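Chain by chain, the residues run as shown.
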Amino acid sequence: MVIHPWAWGILALVAVGLVVIDFLGHARNPHPPTAAEAARWTLFYVGLAALFGVGIWLTNGWLYAQEFYAGWAMEWSLSVDNLFVFILILKAFRVPRENQQKALLFGIVIALVLRLVFILLGAALVSRFSWVFFIFGAWLLWTAVSQVRETARGEEADDEYHENGFIRLVRRVLPITDGFIGNRMLYRHGGHTYLTPLFVVVLALGSADLMFAFDSIPAIFGVTQQAFLVFACNVFALMGLRQLFFLVDALLGKLVYLGYGLGVILSFIGIKLILEALHANTLPFINGGRGVEWAPNISVSVSLGVIVVTLAVTVVASLIRTAMDEGDARER
């Protein structure tokens with residue numbers, strides 16, 4: 001895939017433009033969005049991602065367009081899992097409903113910047129050391145098993161938010177007001193500048209997403225090794241996450257099988273990464289340092305199909321199970 005510098009410039013303009021639109025249209029005028037408003041904006045971001053994929057198709061061919069769509073679908077599904085933690089953070093800090101849009105927007109911007117650093121580092125590692133796919137694949141398989149175990153034990157529903165070390169450090173060394181002051185993140189009083197709890201919430205959201213990046217970034221490199229596509233998938237997935245939060249806030253509890261679906265996707269991508277590492281093997285203790293030709297090669301179209309079908313089955317099965325449980329509860 002040939003990526004000219006202007007392509008990165010266009011992607012950067014798109015990302016900045018989306019942030020500006022969100023800030024001017026929503027976060028600047030705090031209000032709790034209605035379900036209809038959140039649905040419209042969610043469809044807007046989905047349509048924008050679809051159009052971007054068409055642009056990739058016209059300029060670089062259908063193969064790379066498939067890589068983008070598969071990577072975006074996977075990042076979007078993994079981002080939905082982030083929403084559980086985001087809800088816990090917002091509830092733990094008791095963020096007023098009308099200020100949650102601003103907190104989510106700025107938290108996601110921080111997450112995008114941190115993910116860009118991860119992506120560039122990951123691309124450099126992948127281009128120089130093919131064996132890193134063994135590590136990525138093993139990590140994703142371990143994460144998939146952990147995801148399934150947590151879902152089976154129902155841990156996600158009972159989890160409580162605990163501040164990480166970075167947030168605790170911020171609280172210790174910087175002055176913070178006792179309560180929220182509108183939707184302001186900084187407050188000037190008596191010649192001194194104070195942080196508000198909203199500023200701490202933004203840092204909490206951004207740093208929490210960083211932990212999810214340890215799973216999602218290796219996973220998306222299993223779909224495409226193009227740093228441009230990897231970052232594009234993250235831009236469209238994360239920027240649409242804020243409105244998706246308000247759309248599915250009440251529905252997240254109904255996705256009882258989401259953890260299983262994510263476990264299947266992460267397992268599939270982990271296996272795909274290990275197979276690709278075997279193909280490009282240079283480690284002397286594996287097959288004498290030569291590539292393993294018998295290892296099957298999983299195409300991008302198969303990856304896209306597995307991701308889409310798994311998500312569809314997960315959502316449908318979750319809704320059926322929830323409807324059955326609600327019916328049993330009413331009968332009792």
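Scroll up for the structure.
What you see is a predicted model; the values in this text were computed from it and never measured.

Chemist: Before we go on, may I ask you to explain the overall build of the chain in this structure?
Modeler: Across its full length, the chain carries 12 helices and two strands. Along its sequence from the N terminus, the chain presents helices and strands in the succession α-α-α-α-α-α-α-β-β-α-α-α-α-α. In summary, the chain has a C-alpha radius of gyration of 21 Å against a globular reference of 20 Å for 332 residues, a match within 12%. When its C-alpha atoms are laid out on the principal axes, the chain stretches across 70 × 60 × 40 Å. For the chain, the proportion of contacts with a sequence separation of at least 24, taken over those separated by at least 6, is 79%. When the accessible surface of the chain is summed, it comes to about 16200 Å², and 67% of that surface belongs to carbon and sulfur atoms. Across the chain, the centroid of the 22 positively charged side chains sits 7 Å from that of the 23 negatively charged ones.

Chemist: When you look at unusual backbone geometry in this model, what are you seeing that I'm missing?
Modeler: Negative phi is the rule for most residues except glycine; trans is the rule for most peptide bonds. Positive phi values are uncommon outside glycine, yet arginine 94 reaches one of about 55°. The exposure class of arginine 94 is exposed, given its relative accessible area of 68%.

Chemist: Whenever I open this one, helix H11 (residues 258-279) confuses me. Can you help?
Modeler: An α-helix turns once every 3.6 residues. As a result, residues three or four positions apart point the same way. Taking 1.5 Å of rise per residue, the 22 residues of H11 would be expected to cover 32 Å, and the 32 Å separating its terminal C-alpha atoms lies within 8% of that figure. The element H11 is largely enclosed, with a buried count of 16 among its 22 residues.

Chemist: Is there a simple way to think about the environment of alanine 227 in this case?
Modeler: Along the chain, alanine 227 turns up in helix H9 (residues 227-239). Judged by relative accessible area, alanine 227 falls into the buried class, the value being 16%. Dropping the residues within four chain positions of it, alanine 227 is found in contact with Trp8, Ile119 and Ala123.

Chemist: Looking at this model, I keep getting lost on the pattern of salt bridges. Mind explaining?
Modeler: For side chains of opposite charge, pairing can occur when their charged atoms come near one another. According to the stated counting rule, one finds three salt bridges in the structure shown. A salt bridge links lysine 272 to glutamate 276; the nearest nitrogen and oxygen atoms lie 2.6 Å apart. Residue lysine 272 and its partner glutamate 276 are both found in helix H11; the two are separated by four residues, about one turn of the helix. Here the two residues lysine 272 and glutamate 276 agree in accessibility, since each one is buried. Where arginine 321 meets aspartate 325, a salt bridge forms, and the shortest distance between an N and an O atom there is 3.0 Å. In this pair, arginine 321 and aspartate 325 are both assigned in helix H12 (residues 300-331), four residues apart and thus about one turn of the helix distant. For arginine 321, a relative accessible area of 36% corresponds to the partly exposed category. Taking relative accessible area as the criterion, aspartate 325 reaches 34% and is therefore assigned partly exposed.

Chemist: Whenever I open this one, the pairing of strand S1 (residues 186-189) confuses me. Can you help?
Modeler: Remember that side chains alternate between the two faces of the sheet whenever the strand is regular. Direction of pairing for S1 relative to strand S2 (residues 192-195): antiparallel, over a ladder of four bridges. Residue leucine 186 lies in a different strand from S2, and its bridge partner there is leucine 195. Here S1 hands over to S2 after two residues, with glycine 190 in that stretch at a positive phi of 60°.

Chemist: Looking at this model, I keep getting lost on the packing of aromatic side chains. Mind explaining?
Modeler: The geometry of two aromatic rings is summed up by the distance between their centres and the angle between their planes. One pass over the full model with this rule turns up 16 aromatic pairs. For the ring pair tryptophan 41 and tyrosine 45, a centre distance of 6.4 Å and an interplane angle of 40° mean the geometry is tilted. Of the two residues, tryptophan 41 and tyrosine 45 both sit in helix H2 (residues 35-60), four residues apart, roughly one turn of that helix. Overall, the relative accessible area of 2% leaves tyrosine 45 in the buried class. Here the aromatic rings of phenylalanine 52 and phenylalanine 236 are separated by 5.0 Å at their centres, their planes lie at 50°, and the arrangement is tilted.

Calculation criteria
Residues numbered from 1 in each chain as written. Predicted model: local features only at pLDDT ≥ 70, side-chain atom pairs only at ≥ 80, totals over all residues. Heavy atoms only, no water. Helix = DSSP H or I, 4+ residues; strand = E, 2+ residues; numbered from the N terminus. Rg over C-alpha atoms; globule rule 2.2 N^0.38 Å. Contact = heavy atoms within 4.5 Å. Areas by Shrake-Rupley, 256 points an atom, 1.4 Å probe, with all protein chains shown as cover. Lys, Arg positive; Asp, Glu negative; His and termini not counted. Charge placed at Lys NZ, Arg CZ, Asp CG, Glu CD. Buried < 20%, exposed > 50% of the residue type's maximum accessible area, 1.4 Å probe, protein only. Expected span 1.5 Å × (residues − 1). Salt bridge = Lys/Arg side-chain N within 4 Å of Asp/Glu carboxyl O. Pairing = 2+ DSSP bridges. Phe/Tyr/Trp six-rings, centres within 6.5 Å; stacked < 30°, edge-to-face > 60°.

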